[in-house]
Amino acid sequence: MINFVIISFIITLIYIAKIEMVKSYYPLMAAQGVLLFILSFLELQETSALQLILILFETLIFKAIFVPLFLQAITKGRAHRHQHSPVKGYYSLLLALALIVVSFVISHQMHEEFLDVKYFTAATSSIFIGLFIAINNRDLVTHLIAYLVIENGIFLLSIALGGEMPMFVNSAILLDIFTSVLIMGLIFNRLKDHFETTDATHLSQLKD
Amino acid sequence: MITVVMAVITYFVRHRVLTHVMVLTYLAGLGFIAFNLYEHLGEPLGEYFYCDRLGFIFLIILIIVSVLSGIHYITFVEYRNVPREAMALHNAGTIFFTGAITGVLFAQHFGVLWTAMEATTLGASILIYHNRNQHSLEATWKYVFIASIGIAIAFAGILFLGLAAHKIGHVDFTFAAIKSEASRLNPVWLKATFLLVLTGFSVKMSLVPLFTVDIDAKDASPSLVGATLSSVLMNAGFIAMIRFYDAFSLTSILPWMNNVLLITGMLSLVLSASYLLKVRNIKRLFAYSSMEHASLVTIAFSCGGIGYLAAILHLIMHSFAKASLFLQVSQMHRIYNSKWDESIGSYLRINPLGGLVLLLGFLSIIAMPPSGMLITELMMFQALVAKSYWWLAAVILVLVLVIIYGLAVRLLGILFIKKPGAQINMKGATPWESVLQLVLIVMVFYIGLFRPEFIVNNIQKALEVLPL
C-alpha cells in the first residue's frame, strides 16, 4: 500500500512539472495532500491522537482542501497559460524524470540502515522538482506552488523520520506554511493590481 | 504567547498615540525581563529555552535598537502621514518580530530555534511591506518567497540531523544533547545539516547565496526597518549558525565547517566589494556594507581562537553603527526626498549634527580610528595570520580597501559636495533627532576602545566551550 501511495505521489510530481495551465495545478495539489495524509496515517500509527489530528488538519484540510481553493480564488478571472518558460512540454517531463532518477541514485548510494530509499527518493524528488518549477516558470502563482511542492517534500522527509519533533514544533510548521501561503496570496493579489500582470519578470524595479 | 497577544491587540488599537505606547510598553517589559534574566545567566528557562550569555548580550542590543526604531517611527508616522491601518500593522509586526528574535536568542532546541527563525521571516515581511508601493510589494514578495524556501531548506538540514541521531537511538534535539552525542553521529549527515542550515539562514545573515532579497528588503522598506534588519536580524542569523557550529564543534567535521565558512565569507566579501563600487542608492550602499561586515564576521569565526571573540565583538559594534546610519538615512530622506547620491549633497552644512553622525558612522564602518571595529578587524587579521593564511589576509586587505574607496566616494560626496540636482526641504532637518544615533556611534567607539569587562567576560565565557 505504502509503495503504491509513494509511486502515486511521484506521478503527481511528474504531472506538476509538465503542466502549462495554472488551473491544472489545483487538483494535483489536492491529490498530493490526500496522498500525504494516507502516508502519514499508515506510518505514524504509534503517535498520539493529538498529533494525528494535527497531521489530518495539515494534510487533508489544509493541503488538500484549503490550498487549492485559495489558489483558485486568488487567480480567478486570469489568463491561465504560462508565458516564457524556458523548458516546456515534454522536455520538462524528461527533466522531471531525470531529477527523479538522480534522487533515486542519491538515495540508493546513501547505504543508511535507517534511511528508507523510497521515502527519501520521493522527498528529494519533490524538493528538486519544486526548485525546477520555481526557476522554470515566471508566473508568480507557480512560484507559490513551487514553494508548496518543496514543503510537501520536507513533510515526506519528516514522516520518514517518524515525527520526532515536539508537538509545538509540528504546530508551528503548520502555522508557518499557512501564514506563508496566506501572506504570499495577499501580496500576489496586490501585485496583480499594481503591475496588472503576474509575470515575475516585471518584478525588477529594485536595482543597484 | 504574550508577544502574539500584544501584537494582535496592537493591530486593533489604531489610536495614533496608544499604538506607539503598546510597542514601547512591550519593549520596556522585555527590558524588565532582561534585567531579571541577568541573575540567571547560564541557567535553563523551561524545557526549550536557556538563558545563554551570548543571547543575553544580543537581547540588550535588540532592546536598544528596537526602542530607537520605535521612537523614530513616531516621527516617521507624523512626517509621512502614515495611514492608521499601516501604522498599526507595522507596530504589531514590530512586537511579533522582536518576540521571534528573542526566541532565536534563547532557544536551546533545534526545532524551536527553527520555529523562531521562521517567525522572524513572517515578522520581517510585515515590516518590509510598510510603504505599500510597487517597490515594497516586490521586495516583500521576494523576501517571503526566498526566505521561506531558505527556511524550508534549513528544516531539511535539521531533519538530516534527526536521521543521524535516529541511528544511535538518540532523539533529543536540544543543543546540549546533540553536542554530547555529536561525535557518534555520521559526519556526512552533520555536514549536510550544516550546509543546508547555512544556506537557509544566509538570508538573515546577508551572506552568499541568498543575500539578494535581504538587500532589496533594506532598500524598499523604511530606513528604520533597514536598521533592524541590518542589526538584530543579522545577529539572530549568526546566533543560529553558531548554535549548529557549537553543537558539531567536537566532531571531525570542524575543519570542514571552518572551510565552508571561510569560502562563504570570501565569496560574500568579493560580491559586496564589487557591488559597493557601482551602487548609487544610499540604502543599498549601507545594505552592501552590512554584507561586507557579515563576511568579515564569518571569516573571523572560521579562523577560531581569537577570531571567535573578534567575530562577536564585531557583530555587536556593527549593530550599533549600522542601526545609527540607517536611522540617519531616514532623516536625510526627509530633507532631500531622495535616496540617490546625485541628489544628496552638502549634508554636513545643512544638518551639522546629522552630518557628524554620518561622518562618524562612516569612520566606524570603514574601521578608522577611533572606531572600535578597527580593533576587531585587527584581531581578525591576527587570527588569519595565526592560521598562516597570509595570502588570504592580503586579498582581504585589498578587498577592504576597495570597499573603503567605494564608501568614501559616495559618503564624502554626500557630506561635503554641493549637488546641483538636490532639492532641499529644511523642515526635515531637526538636529535633536540625531542625538540618539550619535549615542550609538559613541558606544561603538567605547566598546572597541575600552572593551567593557561585562561584554568581553560574557563573550569569553560563552565561547570557551568552542575548540581553539
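Here's what I pulled together on the structure shown here. (Residues numbered from 1 in each chain as written. Chains lettered and ligands numbered in written order. Predicted model: local features only at pLDDT ≥ 70, side-chain atom pairs only at ≥ 80, totals over all residues. Heavy atoms only, no water.)

### As for the layout of surface pockets
Residues and elements named next belong to chain B.
Phase 1: Computed from the structure, the second largest pocket encloses a volume of approximately 460 Å³.
Phase 2: The wall of the second largest pocket is formed by 21 residues, among which Tyr50, Asp52, Arg243, Asp246 and Val465 lie closest to the centre.
Phase 3: Residue assignment for the lining of the second largest pocket shows that the elements contributing at least two residues are helix H3 (53-80), helix H4 (84-106), helix H7 (175-181), helix H10 (223-248) and helix H19 (453-463).
Phase 4: It is H10 that provides the largest number of residues to the lining of the second largest pocket, a total of four residues.
Phase 5: Residues belonging to the lining of the second largest pocket are distributed by class as follows: 13 nonpolar, two polar and six charged. (1 Å grid on protein atoms, 1.4 Å probe; cavity = no way out; pocket = protein on both sides within 12 Å on 5 of 7 lines; lining within 4 Å. Points joined across faces, edges and corners; volume = space filled by probe spheres on them. Helix = DSSP H or I, 4+ residues; strand = E, 2+ residues; numbered from the N terminus. Nonpolar A, V, L, I, M, F, W, Y, C, P; charged D, E, K, R; others polar.)

### Focus: the pattern of salt bridges
Residue and element names in this part refer to chain B.
Phase 1: Tallying each qualifying case throughout the model produces 15 salt bridges over all chains.
Phase 2: Between Lys142 and Glu138 there is a salt bridge, with its nearest N and O atoms 2.8 Å apart. Here Lys142 and its partner Glu138 are both found in helix H6 (residues 134-167), four residues apart, which amounts to about one turn of the helix.
Phase 3: You can call Glu138 buried: its relative accessible area is 0%.
Phase 4: Salt bridges here are not isolated pairs; linked through shared partners, they connect Glu138, Lys142, Asp216, Asp219, Arg284 and Lys339. (Salt bridge = Lys/Arg side-chain N within 4 Å of Asp/Glu carboxyl O. Buried < 20%, exposed > 50% of the residue type's maximum accessible area, 1.4 Å probe, protein only.)

### What about helix H1 (residues 2-18) of chain A?
All names here are of chain A.
Phase 1: Look at H1: 25 Å from first C-alpha to last across 17 residues, which is about the 24 Å you get at 1.5 Å a residue.
Phase 2: For H1, the complete set of buried residues consists of Val5, Ile6, Ser8, Phe9, Ile10, Thr12, Leu13, Ile14, Ile16 and Ala17.
Phase 3: Buried residues in H1 make contact with helix H2 (25-43), helix H4 (89-109), helix H5 (117-136) and helix H6 (140-160). (Expected span 1.5 Å × (residues − 1). Contact = heavy atoms within 4.5 Å.)

### So, empty space enclosed by the protein
All names here are of chain B.
Phase 1: Overall, the coordinates contain seven cavities of 30 Å³ or more when judged by the stated rule.
Phase 2: A volume near 120 Å³ is recorded for the second largest cavity.
Phase 3: Forming the walls of the second largest cavity are 14 residues, and the residues nearest its centre are Ser69, Gly70, His90, Thr94 and Thr228.
Phase 4: Elements with a contribution of two residues or more to the lining of the second largest cavity: H3, H4 and H10.
Phase 5: Per-element accounting of the lining of the second largest cavity gives the leading share, five residues, to H4.
Phase 6: Each residue belonging to the lining of the second largest cavity can be placed in one class, and the counts come to six nonpolar, eight polar and no charged.

### With respect to the interface of chain A and chain B
Phase 1: With 40 residues of chain A at the interface, the matching set in chain B holds 47 residues.
Phase 2: Buried area between chain A and chain B, summed over both chains or domains, comes out near 4300 Å², and the portion from carbon and sulfur atoms is 74%.
Phase 3: Linking chain A to chain B there are zero salt bridges.
Phase 4: The tally of links between chain A and chain B comes to one residue pair in polar contact (both at pLDDT 80 or more). (Buried area = accessible area lost by both parts, 1.4 Å probe. Polar contact = N/O pair within 3.5 Å; in protein donor to acceptor, adjacent residues only side chain to side chain.)

### Describing the side chain of Glu292(B)
All names here are of chain B.
Phase 1: Looking at the secondary structure, you find Glu292 in helix H12 (residues 282-303).
Phase 2: It is Lys322 that comes nearest to the buried, bridge-free Glu292 among opposite-charge side chains, at 6.4 Å.
Phase 3: Other than its neighbours up to four places away in sequence, Glu292 contacts Leu269, Ser272, Ile365, Val400 and Ile403. (Lys, Arg positive; Asp, Glu negative; His and termini not counted.)

### With respect to unusual backbone geometry
Residues and elements named next belong to chain B.
Phase 1: In this structure, Pro209 follows Val208 across a cis peptide bond, with omega equal to 10 degrees.
Phase 2: Inspection of the secondary structure puts Pro209 in the loop between helix H8 (187-205) and helix H9 (211-220).
Phase 3: A positive phi angle, near 55 degrees, is found at Arg132, a position not held by glycine.
Phase 4: Relative to the assigned elements, Arg132 resides in the loop between helix H5 (110-128) and H6.
Phase 5: The backbone phi angle of Arg451 is positive, close to 35 degrees, even though this residue is not glycine.
Phase 6: By secondary structure assignment, the location of Arg451 is in the loop between helix H18 (435-450) and H19.

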